[in-house]
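Each chain, letter by letter, is given below.
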Amino acid sequence: MKKIGLSICCVLALSVSTFAHSDEHGVKSEKQAKTAIQFRKAVFQLIRSNMGPLGAMAKGNIPYDPALMEENGERMVQLGMMIGDYFHADTSSFKVPSDAKDSVWTNKADFIAKSEDFIAAAQNLQNVAAAKDEDNYRKAIGGVGGTCKACHDDYKKD
Ligand code: ASC
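All of the points below concern the structure found in this document. The structure presented is a predicted model; accordingly, all values stated were derived computationally and were not measured.

## Points about the overall build of the protein chain
Now for step 1: Scanning the protein chain from N- to C-terminus turns up six helices and zero strands.
Now for step 2: Beginning at the N terminus, the succession of helices and strands in the protein chain can be written as α-α-α-α-α-α.
Now for step 3: When burial is assessed residue by residue, the protein chain has 33% of its 158 residues classed as buried.
Now for step 4: Carbon and sulfur atoms provide 58% of the accessible area of the protein chain, an area that totals close to 9,800 Å².

As structure tokens, then:
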């Protein structure tokens, strides 16, 4: 009985996580591709909005603020986790404008690995902030920016 209960639980958990995906039913039309790309861009725009003030902080344009680093770092961890999900469906066969190079789809594992580097850097940013490690805050912010750039270099059109 316990075993059956556990299996049912697993099946349920699996279907819940499956349906949580943005595009589980696949992209079957240009209209759906347009929506999928719109959602992807929204994730990156939110990452950009969280990175903006941190970039200004690293340059000394706004004061050192570990609370902001921690909050935006936490948000970027969450947003970073969405990258793989929102790139689940290959939209390259549709003629919808996108900044994603086709190499995203041919090097998917590396693309995902780079999103994981970003997540790790955003986690590190939170740790440095929580430790009030002021000597390393610029380096921690730069570390996040470096993972943005590494992915853009390979997978974002100029
Ligand atoms: C940012 C931002 C990016 C990255 C990148 C890092 O703040 O908007 O796209 O950092 O410029 O090189």
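## Quick notes on the packing of aromatic side chains
Now for step 1: One pass over the full model with this rule turns up six aromatic pairs.
Now for step 2: Relative to W105, the ring of F87 has its centre 5.8 Å away and its plane inclined at 40°; by these criteria the two rings are tilted. Of the two residues, F87 sits in the loop between α3 (66-86) and α4 (103-106) while W105 sits in helix α4, which places them 18 residues apart along the sequence.
Now for step 3: In this structure W105 comes out as buried when scored by relative accessible area, which is 15%.

## Thoughts on helix α2 (residues 30-58)
Now for step 1: Compared with an ideal rise of 1.5 Å per residue, which puts 29 residues at 42 Å, α2 spans 41 Å between its outermost C-alpha atoms and is within 8% of the ideal.
Now for step 2: Here α2 has its buried residues at A33, A36, I37, R40, V43, I47, N50, M51, L54, A56 and M57.
Now for step 3: In this structure, the buried residues of α2 make contact with α3, α4, α5 (108-130) and α6 (137-155).
Now for step 4: Where α2 terminates, the next one or two residues include G60, which has phi positive at roughly 80°.

## Digging into the site of the ligand
Now for step 1: Every residue near the ligand is listed here: R48, M51, G145, C148, K149 and H152.
Now for step 2: In isolation the ligand has 310 Å² of accessible area, and contact with the protein removes 57% of it.
Now for step 3: At the level of secondary structure, the elements contributing two or more residues to the shell around the ligand comprise α2 and α6.
Now for step 4: Split by residue class, the shell around the ligand holds two nonpolar, two polar and two charged.

## So, the packing of α2 against α3
Now for step 1: Contact geometry for α2 and α3: axes closest at 10 Å, N-to-C directions at 155°. Relative to α3, the element α2 is oriented roughly antiparallel. For the pair α2 and α3, the crossing hand works out as left-handed. Along the contact surface, α2 presents F39, R40, V43, F44, L46, I47, N50, M51, P53, L54 and M57, while α3 presents L68, M69, N72, R75, M76, L79, M82, I83 and Y86.
Now for step 2: Partitioning the contact of α2 with α3 into residue classes produces 16 nonpolar, two polar and two charged.

The rules behind these values
- Residues numbered from 1 in each chain as written.
- Predicted model: local features only at pLDDT ≥ 70, side-chain atom pairs only at ≥ 80, totals over all residues.
- Heavy atoms only, no water.
- Helix = DSSP H or I, 4+ residues; strand = E, 2+ residues; numbered from the N terminus.
- Buried < 20%, exposed > 50% of the residue type's maximum accessible area, 1.4 Å probe, protein only.
- Areas by Shrake-Rupley, 256 points an atom, 1.4 Å probe, with all protein chains shown as cover.
- Phe/Tyr/Trp six-rings, centres within 6.5 Å; stacked < 30°, edge-to-face > 60°.
- Expected span 1.5 Å × (residues − 1).
- Contact = heavy atoms within 4.5 Å.
- Near = heavy atom within 4 Å.
- Nonpolar A, V, L, I, M, F, W, Y, C, P; charged D, E, K, R; others polar.
- Axes fitted to C-alpha atoms, helices over the stretch in contact; angles between N-to-C directions.
- Parallel < 35°, antiparallel > 145°, perpendicular 65-115°, else oblique.
- Left-handed = near helix turned anticlockwise from the far one by under 90°.

That's the geometry; what it means functionally is another story.
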